[in-house]
Amino acid sequence: MASTASTRTEFELSAVKFSRLTKRGIILGLSLPQVIALSVAVCVFIASLYTGGPAALYTSPIWGTATALAWVPIGGRKLVEWVPITLHWILRQALRQIGYRRRIVKPRPAGTLALPGDAAPLRQYEDPDTGAVMVHDPHAQTLTALVEVTHPSFILLDPGEQERRVHAWGRVLSTACRSTRIARLQVLERTVPDSGSGLAQWWAEQGNDDDSWVAKTYRELIDRAGPAGERHISTISLSLDMRAASRAIRTAGGSLRGAAVVLKQEMETLTTALRTADLKPTDWYTPGQLAVMLRSAYDPAIAATLERSGQIGHDLATAGPVAVEETWEQLRSDSAHHAVLWISEWPRSLVYPGFLAPVLLSSGIRRAFTLLCDPIRSDQAARDIRKKKTEYISDAAQRQKVGQIEDATQSAEYQDVLQQEADLTSGHGVLRYTGLLAVSATTADELEAAVSAIEQAAIQASCETKRLVGQQAQAFVAAALPLCRGI
């Protein structure tokens, strides 16, 4: 009986549970914008009462509007939360920042990536030793490198192997948390059309191309073969915080060269951790590989051609889009329409590690799934947890004083905080996750159909998605490009 129990325990797949998105406000469940709006309404109303006469009636548009902004919801948000988003969008429209056209005659500054929007300042640095490309953000003071990772299909593995790989991936994330110099880790999984390059490579290596009629016919068939199915490509991007690593950078020689030396140390550590987790990292991306990836994201129609055309399209200076047009809830680039969804709620109940299979294995849809992982230092995480505990306890005491009933959601969020504290005490790292889905299609109608299919797949995965509005261009860079960009 003992051996049977141990065997069953060894091959059982453990369920996991995600922490809920905190919705607790500053006081009595009210957020800061709501508190400000209600304060304005109360102050105006009380002042009108002291003034006397019909002042309360005359000022009713002010305090009535402020009250409506604080309480009336639209699209899952209060009206007051829509104010900054709408004003920012109107400002960008007035400044003509929602459209981009490449200046063909006027070249871009040397070393830039030719990207639109707030990604325009990004610059490339090629490491002279490894040939890897590193993307420098002069504003955020980060340096980013990326690597492609190959792995067997997770859902086809037996439960015991899945459990082992889950723990191994957890150790990879713990490695990132223990380093105080990593700003962000991005996991990007995207689908691309299969260009048939694998078949062409097999023919070049195994075929007998003797210029005979049979060989010529076979070669022509391979050349004419279009995309057949889809391929899944997974990349991991590592971003170095140059401010946190300033001392190590100065020791290594300073400037970008010193930062590259420090980043390579983190890259070697990550590569070792990935191999330990039975993941197979390739060589770190070169400028040409990154150029093809950027061009394919904005111009999906050319992706298969670039993959089969040797060195064509491997120049980062021309890898950006030719034209970009942003609307309130979607983005149009060279040959595609795009929409970005935010995973606003992860599964609230216990799920198994393969719960995202309906989203990641959806066929016939060109999409990119990004998981942004922001590691938090242990001391900072401990302070945040203590602060949250104090706020929850004080809020509970305040609700008890005013006679407000305790909400089950608030109790569940408090239990999540206690679980995070227990995990941190056990030696685990704390990461802040952001999940994004970039969906692309040829036409606007096809895009809406693809977004609807992805939303249904997310429901099957027990996730809640929201379509981002007023920031689609910035969200697309964060979701579809491996540059460790946030929103």
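Structural data are supplied above this passage.
Residues numbered from 1 in each chain as written. Predicted model: local features only at pLDDT ≥ 70, side-chain atom pairs only at ≥ 80, totals over all residues. Heavy atoms only, no water.

A word on empty space enclosed by the protein. Across all of its chains, the model carries 2 cavities of 30 Å³ or more by this definition. In this structure, the largest cavity occupies an estimated 130 Å³ of space. Forming the walls of the largest cavity are 13 residues, and the residues nearest its centre are Arg190, Ala297, Arg366, Ala368 and Ala480. Elements with a minimum of two residues in the lining of the largest cavity: β7 (182–193), α11 (287–298), β13 (366–376), β14 (430–441) and α17 (472–480). Taken together, the residues that form the lining of the largest cavity break down as 7 nonpolar, 3 polar and 3 charged. Roughly 40 Å³ of internal volume is contained in the second largest cavity. Residue lining of the second largest cavity: Thr175, Ala176, Ser179, Ile182, Glu266, Thr269 and Leu270, and that is the complete set. Of all the secondary-structure elements, those providing two or more residues to the lining of the second largest cavity are α6 (159–178) and α10 (255–276). A total of 3 residues in the lining of the second largest cavity trace back to one element, the largest contributor, which is α10. Tallied by class, residues from the lining of the second largest cavity come to 3 nonpolar, 3 polar and 1 charged. (1 Å grid on protein atoms, 1.4 Å probe; cavity = no way out; pocket = protein on both sides within 12 Å on 5 of 7 lines; lining within 4 Å. Points joined across faces, edges and corners; volume = space filled by probe spheres on them. Helix = DSSP H or I, 4+ residues; strand = E, 2+ residues; numbered from the N terminus. Nonpolar A, V, L, I, M, F, W, Y, C, P; charged D, E, K, R; others polar.)

With that settled, consider the side chain of Arg366. Looking at the element boundaries, Arg366 is found in strand β13. The class of Arg366 is buried, set by a relative accessible area of 19%. A distance of 3.3 Å separates the side chain of Arg366 from the backbone oxygen of Ser296, its partner in a polar contact. When near neighbours in sequence (up to four residues on either side) are disregarded, Arg366 contacts Thr191, Val192, Pro193, Ser296, Pro300, Ala303, Ala438, Val439 and Ser440. (Buried < 20%, exposed > 50% of the residue type's maximum accessible area, 1.4 Å probe, protein only. Polar contact = N/O pair within 3.5 Å; in protein donor to acceptor, adjacent residues only side chain to side chain. Contact = heavy atoms within 4.5 Å.)

We now examine the packing of helix α2 (residues 32–51) against helix α4 (residues 60–71). For the pair α2 and α4, interaxial distance at closest approach is 8 Å and the crossing angle is 160°. Viewed along their axes, α2 and α4 adopt a mutual orientation that is roughly antiparallel. Relative to α4, the crossing made by α2 is left-handed. For the pair α2 and α4, the contacting residues are Gln34, Ala37, Leu38, Val40, Ala41, Val44 and Phe45 in the first and Ile62, Trp63, Ala66, Thr67, Ala70 and Trp71 in the second. Taken together, the residues of the contact of α2 with α4 break down into 11 nonpolar, 2 polar and no charged. (Axes fitted to C-alpha atoms, helices over the stretch in contact; angles between N-to-C directions. Parallel < 35°, antiparallel > 145°, perpendicular 65-115°, else oblique. Left-handed = near helix turned anticlockwise from the far one by under 90°.)

The next point concerns the packing of aromatic side chains. Enumeration over the complete set of coordinates arrives at 3 aromatic pairs. Relative to Trp63, the ring of Phe45 lies with its centre 5.1 Å away and its plane at 75°, an arrangement referred to as edge-to-face. One end of the pair, Phe45, is in helix α2; the other, Trp63, is in helix α4, and 18 residues separate them in sequence. With a centroid separation of 5.7 Å and 80° between ring planes, the pair formed by Trp89 and Trp328 is classed as edge-to-face. (Phe/Tyr/Trp six-rings, centres within 6.5 Å; stacked < 30°, edge-to-face > 60°.)

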